[in-house]
Amino acid sequence: DTEVTQTPKHLVMGMTNKKSLKCEQHMGHRAMYWYKQKAKKPPELMFVYSYEKLSINESVPSRFSPECPNSSLLNLHLHALQPEDSALYLCASSQESQYYEQYFGPGTRLTVT
Amino acid sequence: AQKVTQAQTEISVVEKEDVTLDCVYETRDTTYYLFWYKQPPSGELVFLIRRNSFDEQNEISGRYSWNFQKSTSSFNFTITASQVVDSAVYFCALRGNQGGKLIFGQGTELSVKP
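Cut-off values and rules
- Residues numbered from 1 in each chain as written.
- Chains lettered and ligands numbered in written order.
- Predicted model: local features only at pLDDT ≥ 70, side-chain atom pairs only at ≥ 80, totals over all residues.
- Heavy atoms only, no water.
- Helix = DSSP H or I, 4+ residues; strand = E, 2+ residues; numbered from the N terminus.
- Rg over C-alpha atoms; globule rule 2.2 N^0.38 Å.
- Phe/Tyr/Trp six-rings, centres within 6.5 Å; stacked < 30°, edge-to-face > 60°.
- Buried < 20%, exposed > 50% of the residue type's maximum accessible area, 1.4 Å probe, protein only.
- Contact = heavy atoms within 4.5 Å.
- Buried area = accessible area lost by both parts, 1.4 Å probe.
- Salt bridge = Lys/Arg side-chain N within 4 Å of Asp/Glu carboxyl O.
- Polar contact = N/O pair within 3.5 Å; in protein donor to acceptor, adjacent residues only side chain to side chain.
- Nonpolar A, V, L, I, M, F, W, Y, C, P; charged D, E, K, R; others polar.

As a further point, take the overall build of chain A. Each helix and strand in chain A was counted, giving zero helices and eleven strands. The order of helices and strands in chain A, counted from the N terminus, is β-β-β-β-β-β-β-β-β-β-β. Over its C-alpha trace chain A gives a radius of gyration of 13 Å, about what one expects of a compact globule, namely 13 Å for 113 residues. Projecting the C-alpha coordinates of chain A onto the three principal axes gives extents of approximately 35 × 25 × 20 Å.

See below:
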């Protein structure tokens, strides 16, 4: 089973709202990732968690706050977002961070109004 | 610096045609990993293949085949007898020895018309 699930599928939020994106995998993977993807562009890495510790933060603004409560779950907390943050947010996981392929979830399509 | 170039932005073919998607990469790492992903209109990136730098064997999986050539730093992807369901954006990606960061190409949008 190579499934990564993400909720919600779609999210519309105002600039003053606080919301969270959720990601779950049950493949026993120890690395999890958040990506942001704008239309017609490749995914851009935001954060990497390896063994539940944040290992890479690609200089993401503090209005995005990741959390890894356990090895199966990854959250992305959103606060005071800007309209330019509207994008597809993809979660991925892999066996380890360096050698193995990443499996992606279906994404959350976020619109900031 | 690491870089992946997919020079073909869009390709349009008619069903049953063969099509090759080009991927050229740059890296100074001696060990690295190359990947192809498919992103259909639904949005999910689907993993297709991983190739390690020390394994230059070509691979075939059904209608899909991959040609890895270190001498030209290329990792091209061919779909034989294309089908409408192959319509998607295809990304080539590279990971070196620097942790989990995947370097993606800009993607090639393949449209297969009936």
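The next subject is the packing of aromatic side chains. Centre-to-centre distance and the angle between the planes together describe a pair of aromatic rings. Under the defined criterion, the tally for this structure stands at 18 aromatic pairs over all chains. For the pair F64 of chain A and Y89 of chain A, a centre-to-centre distance of 5.9 Å together with 35° between the ring planes defines the contact as tilted. Here F64 of chain A, found in strand β7 (residues 64–70), pairs with Y89 of chain A, found in strand β9 (residues 87–94); they are 25 residues apart in sequence, far enough to count as distant. A relative accessible area of 5% means that F64 of chain A is categorised as buried. The exposure class of Y89 of chain A is buried, given its relative accessible area of 0%. Consider the rings of Y37 of chain B and F104 of chain B, whose centres lie 6.2 Å apart with planes at 50°: the pair is tilted. Remark: F104 of chain B occurs in strand β11 (residues 103–104) and Y37 of chain B occurs in strand β5 (residues 33–39); sequence separation between them is 67 residues. Note on accessibility: Y37 of chain B and F104 of chain B belong to one class, buried. Through successive ring pairs, a cluster of aromatic residues spans Y33, Y35, Y103 and F104 of chain A together with F35, Y37, F47, F91 and F104 of chain B.

This brings us to the interface of chain B and chain A. Contact with chain B, which involves 22 residues of that partner, is made by 22 residues of chain A. Between chain B and chain A lies a buried interface of about 1800 Å² when both sides are counted; carbon and sulfur atoms form 50% of it. At the boundary of chain B with chain A, the tally comes to three salt bridges. Its salt-bridge partner being R50 of chain B, residue E101 of chain A comes within 3.5 Å of it at the nearest N-O pair. On the surface where chain B and chain A come into contact, there are five residue pairs in polar contact (both at pLDDT 80 or more). Of all the secondary structure elements, the ones that give two or more residues to the side of chain B that touches chain A are β5, β6 (46–52) and β10 (88–95) of chain B. Here the side of chain B that touches chain A takes four residues from β5 of chain B, the largest share from any one element. Here the side of chain B that touches chain A is composed, by residue class, of eight nonpolar, nine polar and five charged.

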